[in-house]
Amino acid sequence: MAPIHVDESAGSDETGKGTPEQPYQTLAFALYSHPDEKFLSRKDASGTYEEPTQSALKKAKKGADGIEKKRKKAEELAEREAKEQAAARERKEKRLEESKKIVLQEDPSLPAATKAKIGKLTPLRSKRVKVSGWVHRLRDQKEIIFVVLRDGTGFLQCILSGQVAQTYDALTLTLESTIEVIGTLKTVPEGQTAPGGHELVVDYWKVLGASPGGEDAFTNRLNEKSDPSIQADLRHLVLRGETASATLKLRSALLNAFRQTLGDHDLLEVTPPCLVQTQVEGGATLFKLDYYGQPAFLTQSSQLYLETCLPSLGDVFCVQESFRAENSHTRRHLSEYTHLEAELAFITFDDLMTHLESVICETVNKLLQDPASAALIKQLNPTFTPPERPFLRLSYVDAIKWLNDHDIKHEAEDEQGNVIKDEQGNPVMVEHKVGDDIAEAAERRMTDILARPVFLHGFPAELKAFYMKKIPKEPGAGGPTFTESCDLLMPGVGEIVGGSMRIADEEELLAAYKREGIDPAPYYWFTDQRKYGTSEHGGYGLGVERFLAWLAKRYTVRECSLYPRWPGRATP
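As the structure is a prediction and not an experimental result, all values here were calculated from the model.

**Student:** An account of the side chain of Arg324 is requested, with residue identities and associated values reported.
**Tutor:** Mapped onto the elements, Arg324 comes out in the loop between β13 (316-323) and β14 (336-345). Separated by 3.0 Å, the side chain of Arg324 and the backbone oxygen of Gln300 make a polar contact. Not counting the four nearest positions on each side in its chain, Arg324 is found in contact with Glu281, Thr285, Phe287, Gln300, Ser335, Tyr337 and His339.

Pasting the structure below:
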């Protein structure tokens, strides 16, 4: 037999085979693995293999004996653990069999239970109550089972003990099962905590709908480490999480607060259509469809319809879905989003920005004054502070100068809009100039540096929609024509509102149609607003998901929609 090789420097006891090419690292392991073979050993690759000395073999023998003892000890430990596991399984099976004999029955001598939602339990402390919900958390501690129940209005800690915790259903209870629990609602002892400050001592309960365990258990399908694509596919399960549900509850509170604030400002809510035959923000982002043989689109904005309401209903607003066929995958874009839009008559551009500032600050104040919504904001965005008034007003021209003064550049583009790259393939960065459409990244960086809400106003007409009112030029003045338009930028999110004064003159509007190549015929009803008693008026559109992302400090607007839609995603 060939001798067993040992290289104390380059060898390995884990992967070595005792050959010259794959030597062991220690003589002890070599002796343990091959007790009857001859050995050759060396210190490192620079030395030669030689037979080990008797003292080295004697020392290695002790090492080999130690390895053998460890092996036996590991075997004994594994055998003992296997026996313990088998005994535990046997005890569990026996316990399960015995539990099937236990049949819970509600004690008729106890007071009748009052059925209630978790969020309405506080007045019922010390009374017997009945609550239904989903098992949100589950902990089995000796003879007591702790269940945190969830019903959408709150969380309730339930304590199952004694026979109540010994039934087959109790021993096989799983997360996300639906259960009905009846018991006495007690204030938690001093020094302890529980949701709502109370807990339910259960005297009777039953499973309404069992959730699977094993491989198909809820936590095996979805957890915090799940890939984003899996989380998107399982959005219906993600919603059960505390963060997702808190975000959507805050969204509901936000919409309620907006409605209250707009009502305080004498705006009336209306409901415009989603199926339209006109464009608002350009044809490239329209979702087209066949409407009984006629071409139609999903609305980009309800603005045009809101304008028609001014003569009859006064200032109006709507909360409506808008759709943009824009192949954008950024964290602040959706193909379908909730659009809060408003139109106001007989105002100036300054009035419009002041109104917007008031609506936003008053809405935030309402949320912070309400204990429920304030708690949601604190849960999602602990460091949130309401915006201070007045908001900074920065003209487009001054913003261009500010960006250049702060060395914030943008990617150069050719005439076709393609990014120009250098020899290394990196985008060529250039300074901003008047006429540029300020890029989202530069806009957001500027807002983050300023660290406050910013009204960016006075954009060139070429960058804005056809209906926006233009600022008159001085006689003989050259350069671009600017508009009475504004974007409201918030730190961390960027643009959340876009607004402007609208063209009030019929002839000017007809000229705008012609300049943009728009057929005025389908817009007859919009043009009529200027024909039959025009007025100076303006309005805005606020992205609810973007506003919520700012308020709740969410990384992406996708977290702020119930079932978000973006390019390639229309399920579930």
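**Student:** For the sheet that holds strand β10 (residues 275-276), give the residues involved together with the corresponding values.
**Tutor:** With antiparallel pairing, the three strands of this open sheet are ordered in space as β10-β12-β11. The open sheet is flanked by β10 and β11 (287-291), the only strands paired with a single partner. Inspection of the sheet shows β10 paired to strand β12 (residues 294-298) by two bridges, in the antiparallel sense. Counterpart to Val276 in the pairing with β12 is Phe297.

**Student:** Residues and numbers for the nonpolar core, please.
**Tutor:** By size, the foremost hydrophobic cluster in this structure holds 50 residues, and its most contacted members are Tyr540 and Phe547. It is helix α9 (residues 349-369) that provides the largest number of residues to this core, a total of nine residues. Setting aside residues no more than four positions away along its own chain, Phe547 makes contact with Leu254, Phe258, Ile360, Val364, Ile496 and Leu542. Residues Leu124, Val135, Ala165 and Leu173 belong to the second largest nonpolar core, which totals 26 residues.

**Student:** Report on the packing of helix α11 (residues 396-405) against helix α12 (residues 440-450), specifying residues and quantitative values.
**Tutor:** Contact geometry of α11 with α12 gives a least axis separation of 11 Å together with a crossing angle of 80 degrees. Considering the angle they form, α11 stands roughly perpendicular to α12. Between α11 and α12, the contacting residues are Ala399, Trp402 and Leu403 on the first element and Ala442, Met446, Ile449 and Leu450 on the second. Taken together, the residues of the contact of α11 with α12 break down into seven nonpolar, no polar and no charged.

**Student:** Provide a residue-level description of the sheet that holds β13, including the pertinent values.
**Tutor:** Reading across from one edge, β9-β13-β14-β21-β20-β19-β18-β15 is the order of the eight strands in this open sheet, with mixed pairing throughout. The sheet is open, and its two borders are formed by β9 (268-269) and β15 (392-395), each paired with just one other strand. Pairing of β13 with β14 involves eight bridges; the strand directions are antiparallel. The residue bridging Val316 from the neighbouring strand is Glu343, located in β14. Most of the contacts of helix α7 (residues 242-264) go to β13, to which it runs at about 145 degrees, and overall it touches β9, β13, β14 and β21 (537-543).

Calculation notes
- Counting from 1, residues in each chain are numbered in the order their sequence is written.
- Side-chain atom pairs in this predicted model are given and counted only at pLDDT of 80 or more, local residue features only at pLDDT of at least 70, and totals for whole chains, interfaces and linings cover all residues.
- Hydrogens and water are ignored here; the side-chain numbers use all heavy atoms of the structure.
- A helix here means a DSSP run of H or I that spans at least four residues, while a strand means a run of E at least two residues long, and both kinds are numbered starting from the N terminus.
- In protein, a polar contact requires one atom able to donate a hydrogen and another able to accept it; more generally it is a pair of N or O atoms within 3.5 Å, and residues adjacent in sequence count only if both atoms are side-chain atoms.
- The contact definition used throughout considers only heavy atoms, calling two residues in contact when any of these lie within 4.5 Å.
- Being paired, for any two strands, means DSSP has found at least two bridges between them.
- Buried Ala, Val, Leu, Ile, Met, Phe, Trp, Tyr and Cys residues that are joined via side-chain atoms within 4.5 Å together make up what is termed a nonpolar core.
- Here's how the labels work: a residue is buried when its accessible area is under 20% of the maximum for its type, exposed when over 50%, partly exposed in between, all with a 1.4 Å probe on protein chains only.
- Helix axes are fitted only over the stretch in contact, all axes being lines through C-alpha atoms; the angle between N-to-C directions runs from 0 to 180 degrees.
- Should an angle lie under 35 degrees it is considered roughly parallel, over 145 roughly antiparallel, and from 65 to 115 roughly perpendicular; all remaining angles are considered oblique.
- Just so you know the grouping, Ala, Val, Leu, Ile, Met, Phe, Trp, Tyr, Cys and Pro go in nonpolar, Asp, Glu, Lys and Arg go in charged, and all remaining residues, Gly too, go in polar.

Keep in mind these values describe shape, not function.
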